Amino acid sequence: MLRLVRFGDRSPCIAGEDELRPLADAAAAGDARATRTLLTALGPHLLRVVRRVLGSGHPEVEDVTQEVAVEIVRALSRFRGDCSVVHFGCRVALHVAMATRRREFTRKRALPEPIAAFDDEQTASLRPGPEAEVTAQSKAALVRALCDELPAAQAEVLTLHVVLGHTMGEVAVIAAAPLETVRSRLRLAKQALLARALGDPELRELLEETA
Amino acid sequence: MNPEEPTDLVCRARRGQLRPEEVPGFERCLTTVPEARLVHAILDEFEGESRVQPGDDTLVARIAARAATSPARRPRHFSQALLTALAVLLVGSVAGAWSAGLFTPSATPLACQPVVPAVSGSPSPPHQRGAAPASPGSAAVVSVVSLAPSVGRLPDTAVASHGPPADGRACVEPACAPSRRTSPAELLAAANLARREGRSGDAQRLYRTIVDGHAASREAPVARLALAKLLAGSAPGAALAHFEVLAASGGGLRAEALWGQAECARRLGRVAMERQALDALVHEFPTSAYAEVARGRIADGGR
């Protein structure tokens, strides 16, 4: 309650009237037409979350969004209205997309590194060094890689805050966690992010900029 | 009360939710707090990457249609409870039948004898028929594992556990067929995985297994649609046949099937069929994402 009062002015979508709620209730009751309308309304939000977590060029964006939609239909009966329907959908999307990334990460880690054919001339000049590879990595890729390695709870709040742009109050409501817990998880995650950013030449420059 | 986090200010500023008096504070924050600058730059990149793309409306419509018609699976714990209940019922029925004297060794071939005595390893002689099975616990465990769907299927369970029937008859019950051991849902999951991993041949084989072997299952139409889409590029004739079956069966996938039918007919040069499918799409699903494209194509004369 304290949380809602305190952040009520900043997140009208959470505290205010939720226009998708009647549709969600009808969909939960098994109305196929309402389900379809609801998913069509939520679709762009879900795509946005999936694209941000996986990357817009990821080959599984459509399949994962489909999985998210099915999960939402399944989970609607358990939705109690603690947050807005959009935020509920985004959280489901976040979990499904993050689980996909983590599965991929685990699979990639389990596979042995491919052994490239040795070529003196190629290795001497054309292959980019590790520094260049780090430089070439985008900020988004850096955050995604970090989220793969962080504990799941920290990765969730970091993604909600830094990837999806929710304020801490919104993160607390969406993640159904006390605000102080979110603050603490986010502090640890941001420390890891800053440490990672300092290893990237472009981001280090950004961090060291002064007024 | 804690002061607002600088990164919260960034999040609100990016959504245009800052009050005028907060703007100078935000600008100061960007120049003095490295963390805020970092989050600002990161959000910038993510926003650029997740902008709406052409075709998103069609994609969303397709996803919503599929999800709205797909049967929501029941939670796993519900299925487990159902299986356990079935197993208990099964054991109870067998025990009841045994105690009522319905099974006699002379009347029933070995293959059709109830599970309970066979599993316990010490079949009760006829004079002990009224007694409870020697080891009901182990019988229950085996029943869950083999899980015959009803008492009528008990002979199959016995055959599976003990080899061919004693009287040499071949087992012709459907429960003995290997394909029955994998559920359509499992096959569909395996097929989707194969498709995602680019193993098109495996995916097609698995989708066909569902379509041919489990035609009455609720996974069959979805598998047929996926199979038709896989075939559309390389074998439009075969894909067309699948789309036609799907379209004829109606249901939530009809719009998608009609669109597939029109596309395949177009590739095969069957103008009349393409036009027929497009007309049906426009008339039956006027608000669907496909209808708009179909209208345009009809207006272009199918070009």
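Given the structure is predicted, the values throughout are model-derived calculations rather than measurements.

This part takes up the overall build of chain B. In terms of helices and strands, chain B carries 15 helices and 0 strands. A sequence separation of at least 24 residues applies to 46% of the contacts in chain B between residues at least 6 apart. In the structure as shown, chain B presents an accessible area of about 16,300 Å², 58% of it carried by carbon and sulfur atoms.

In this section: the overall build of chain A. Across its full length, chain A holds 13 helices and 0 strands. Within the span of chain A, comprising 211 residues, buried residues form 47% of the whole. For chain A, restricting intrachain contacts to residue pairs at least 6 apart in sequence, the fraction spanning at least 24 positions comes to 68%.

What follows deals with the pattern of salt bridges. Per the counting criterion, the structure on display carries 29 salt bridges over all chains. Asp82 of chain A is paired through a salt bridge with Arg80 of chain A; the nearest N and O atoms lie 2.9 Å apart. On the basis of relative accessible area, Arg80 of chain A is assigned to the exposed category, the value being 67%. Between Asp202 of chain B and Arg199 of chain B there is a salt bridge, with the nearest N and O atoms lying 3.0 Å from each other. By sharing partners, the salt bridges in this structure join Glu62 of chain A together with Arg62, Arg66, Lys229 and Glu256 of chain B into a single network.

Residues and elements named next belong to chain A. Topologically, Gln154 is positioned in helix H10 (residues 152-163). Look at Gln154 and you get buried, because its relative accessible area is 15%. Excluding anything up to four places from it in sequence, Gln154 contacts Arg185, Leu188 and Ala189.

Residue and element names in this part refer to chain A. Residues at a pLDDT of 70 or more form 78% of chain A, whose mean pLDDT is 79. Model confidence for chain A, summarised as mean pLDDT per element, is weakest for helix H1 (residues 2-7) at 34 and strongest for H10 at 92. Scored below 50 in pLDDT, residues 1-15 shows 26 contacts in the model against residues more than four places distant or in partner chains. This stretch, residues 115-136, has a pLDDT under 50; its non-local contacts, to residues over four places away or in other chains, come to 7 contacts.

Together, Leu82, Leu83, Leu86 and Leu89 of chain B make up an exposed nonpolar region whose accessible area comes to about 360 Å². When you line up the elements, Leu82 of chain B lands in helix H5 (residues 76-99).

Counting residues in hydrophobic clusters, the biggest one holds 81 residues, and the most contacted among them are Val68, Ile72, Leu158 and Leu193 of chain A. At 10 residues, helix H6 (residues 85-110) of chain A tops the list of elements feeding residues into this core. Once residues lying within four places of it in the same chain are set aside, the contact partners of Leu193 of chain A are Leu142, Val143, Leu146, Leu158 and Val162 of chain A together with Leu38 and Ile42 of chain B. Leu188, Ala223, Trp259 and Val282 of chain B belong to the second-largest nonpolar core, a separate cluster that totals 38 residues.

Further remarks concern helix H9 (residues 184-196) of chain B. All names here are of chain B. The terminal C-alpha atoms of H9, which comprises 13 residues, lie 18 Å apart, in line with the 18 Å expected from a rise of 1.5 Å per residue. Buried within H9 are the following residues: Pro184, Leu187, Leu188, Ala191 and Ala194. Viewed along the axis of H9, the buried residues span an arc of 125°, placing them on a single side of the element. Count one or two residues on from H9 and you reach Gly198, which has phi positive near 85°.

Moving on to empty space enclosed by the protein. A full pass over the atoms with the stated rule returns 6 cavities of 30 Å³ or more. If you trace the largest cavity, you find it lined by Arg52, Val53, Met98, Arg101, Arg102, Val143, Arg144, Cys147, Asp148, Thr159 and Val163 of chain A together with Phe46 of chain B. Of all the secondary-structure elements, those providing two or more residues to the lining of the largest cavity are helix H4 (32-54), H6, helix H9 (139-149) and H10 of chain A. Among the elements that line the lining of the largest cavity, the one with the most residues is H9 of chain A, at 4 residues.

Here we come to the interface of chain A and chain B. Every contact between the two is made by 53 residues of chain A and, on the other side, 43 residues of chain B. Together chain A and chain B conceal approximately 4,400 Å² of surface at their shared face, both sides included; 57% is due to carbon and sulfur atoms. Where chain A touches chain B, the interface holds 9 salt bridges. Across the salt bridge formed by Lys139 of chain A and Glu45 of chain B, the nearest N and O atoms sit 3.5 Å from each other. Linking chain A with chain B are 14 residue pairs in polar contact (both at pLDDT 80 or more). Contributing elements (two or more residues each) for the side of chain A that touches chain B: H4, helix H5 (61-75), H9, H10, helix H11 (168-174), helix H12 (179-198) and helix H13 (201-208) of chain A. Sort the elements by how many residues they give to the side of chain A that touches chain B and H4 of chain A lands first, with 11 residues. Residues that form the side of chain A that touches chain B fall into these classes: 20 nonpolar, 12 polar and 21 charged.

Definitions and cut-offs
- Once a new chain begins, its residue numbering starts again from 1 and follows that chain's sequence as written.
- Lettering for chains starts from A, numbering for ligands starts from 1, and both go in the order in which the items are written.
- Where totals are concerned, whole chains, interfaces and linings use all residues; where local detail is concerned, this predicted model gives features only for residues with pLDDT of at least 70, and gives and counts side-chain atom pairs only at 80 or more.
- As a convention, hydrogens and water are excluded, and side-chain values are obtained from all of the structure's heavy atoms.
- Strands are runs of DSSP state E lasting at least 2 residues, helices are runs of H or I lasting at least 4, and numbering of each runs from the N terminus.
- Only heavy atoms matter for contacts: two residues are in contact if any of them lie within 4.5 Å across the pair.
- Only the protein chains shown count as covering a residue, and every accessible area follows the Shrake-Rupley method with a 1.4 Å probe.
- Summary of the burial criterion: residues with accessible area below 20% of their type's maximum are buried, those above 50% are exposed, and those between are partly exposed, where the area comes from a 1.4 Å probe applied to protein chains only.
- Counted as salt bridges are all cases of a side-chain nitrogen of Lys or Arg within 4 Å of a carboxyl oxygen of Asp or Glu.
- Residue-level confidence of the predictor is summarised by pLDDT, bounded by 0 at the bottom and 100 at the top.
- Each patch is assembled from residues with relative accessible area greater than 30% and no salt bridge, linking like charges that lie within 9 Å and nonpolar side chains (Val, Leu, Ile, Met, Phe, Trp, Tyr) that lie within 5 Å.
- The definition of a nonpolar core used throughout is a set of buried Ala, Val, Leu, Ile, Met, Phe, Trp, Tyr and Cys residues joined through side-chain atoms within 4.5 Å.
- Multiplying one less than the number of residues by 1.5 Å gives the expected span of a helix.
- Directions pointing from the helix axis toward each C-beta atom define the arc.
- Every definition here rests on a 1 Å grid over the protein atoms only: cavities are sets of points where a 1.4 Å probe fits but cannot get out, pockets are open sets enclosed by protein on both sides within 12 Å along at least five of seven lines, and lining residues have some atom within 4 Å of a point.
- Grid points are joined across faces, edges and corners, and a volume is the space filled by probe spheres set on the points.
- Buried area counts how much accessible surface, traced with a 1.4 Å probe, disappears from two parts once they are put together, with both parts' losses summed.
- What qualifies as a polar contact is a pair of N or O atoms within 3.5 Å, subject to a donor-acceptor requirement within protein and to the restriction that residues adjacent in sequence count only when both atoms come from side chains.
- In this classification, the charged set is Asp, Glu, Lys and Arg, the nonpolar set is Ala, Val, Leu, Ile, Met, Phe, Trp, Tyr, Cys and Pro, and all remaining amino acids, among them Gly, are polar.

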